[in-house]
Amino acid sequence: INEQGKRVLHVGLALLALHWLPTIDCAYPEQYPTSLPTATTSLDSLDAAISYTGTIPTEVGRLTKVTKVDFSTFCNFEGTVPTELGALSQVNTYFSLASNFLTGSVPTQLGLAYGGLTGEEGFRLDSNSLSGLPTQLGYMSSAPALDVQFTNIEHLPTQLGRMTELTTIHARQC
């Protein structure tokens, strides 16, 4: 436990050597590490719903086979969204940065990278202090949902009209 009372565990080098490991689910802090893995080459799902401190590590962009990213609820990440998340071009089931303390504009790389996003919950940025969306989000034509509620985003790009599978936009209290 650190000075702020947050549980801080670290991934051991042995865990990072498991290059064949397909999933790391860090949803239960008493059982799983709180440092994000960045060296497992076969990782396809990253569920990090536990209390972290600091910014989203740019090294996460090296996890190029990841198809699901859930950095929501209890993560407590702060700062800006790293452009390196745009390197996760295989994300197709779910992407969430919801309920953190993220600021600034969403990088254009995210809209360009997640064109095949088809998961039911789609693309979630809600409950942050984010202030802008890139027009490139329109390239996520398969995404069924976009959640930007409870952010500082003042307008939605007209290019969202290209999202032909979009059935839900949550934009309350933007």
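Details of the structure are given in the entry above.
Small disclaimer: the values here were computed from a predicted structure and weren't measured.

1. Quick look at the pattern of salt bridges
Side-chain pairs of opposite charge can arise where the charged atoms are in close proximity. Using the criterion set out here, one finds two salt bridges in the structure. For Arg-124, the salt bridge goes to Asp-126, with nearest N and O atoms at 2.9 Å. Considered together, Arg-124 and Asp-126 belong to a single accessibility category, that of buried residues. Using a relative accessible area of 19% as the deciding quantity, one classes Arg-124 as buried.

2. Topic: the nonpolar core
Counting 32 residues, the largest nonpolar core has Leu-85, Phe-95, Leu-97, Tyr-114, Phe-123 and Leu-125 as its most contacted members. Excluding its chain neighbours within four sequence positions, the residues that come into contact with Tyr-114 are Leu-85, Gly-86, Leu-88, Val-91, Phe-95, Phe-123 and Met-140.

3. Here we look at the packing of aromatic side chains
In this structure the tally under the stated criterion is four aromatic pairs. Relative to Phe-123, the ring of Phe-95 has its centre 5.1 Å away and its plane inclined at 15°; by these criteria the two rings are stacked. With Phe-95 in strand S5 (residues 94-96) and Phe-123 in strand S7 (residues 123-124), the pair connects residues that are 28 residues apart, well separated along the chain. Residue class for Phe-95 comes out buried when judged on its relative accessible area of 0%. With a relative accessible area of 0%, Phe-123 lands in the buried category. Ring geometry for Tyr-114 against Phe-123: centres 6.1 Å apart, planes inclined by 50°, an arrangement best described as tilted. The two residues Tyr-114 and Phe-123 agree in class, both being buried. Grouped by ring-pair contacts, the aromatic residues Phe-95, Tyr-114 and Phe-123 constitute a single cluster. Arg-162 extends its terminal NZ or CZ atom over the ring of Tyr-139, reaching a point 5.3 Å from the ring centre.

What counts, and where the lines are drawn
- Residues numbered from 1 in each chain as written.
- Predicted model: local features only at pLDDT ≥ 70, side-chain atom pairs only at ≥ 80, totals over all residues.
- Heavy atoms only, no water.
- Salt bridge = Lys/Arg side-chain N within 4 Å of Asp/Glu carboxyl O.
- Buried < 20%, exposed > 50% of the residue type's maximum accessible area, 1.4 Å probe, protein only.
- Core = buried A, V, L, I, M, F, W, Y, C linked by side-chain atoms within 4.5 Å.
- Contact = heavy atoms within 4.5 Å.
- Phe/Tyr/Trp six-rings, centres within 6.5 Å; stacked < 30°, edge-to-face > 60°.
- Helix = DSSP H or I, 4+ residues; strand = E, 2+ residues; numbered from the N terminus.
- Lys NZ or Arg CZ within 6 Å of the ring centre and 35° of its normal.

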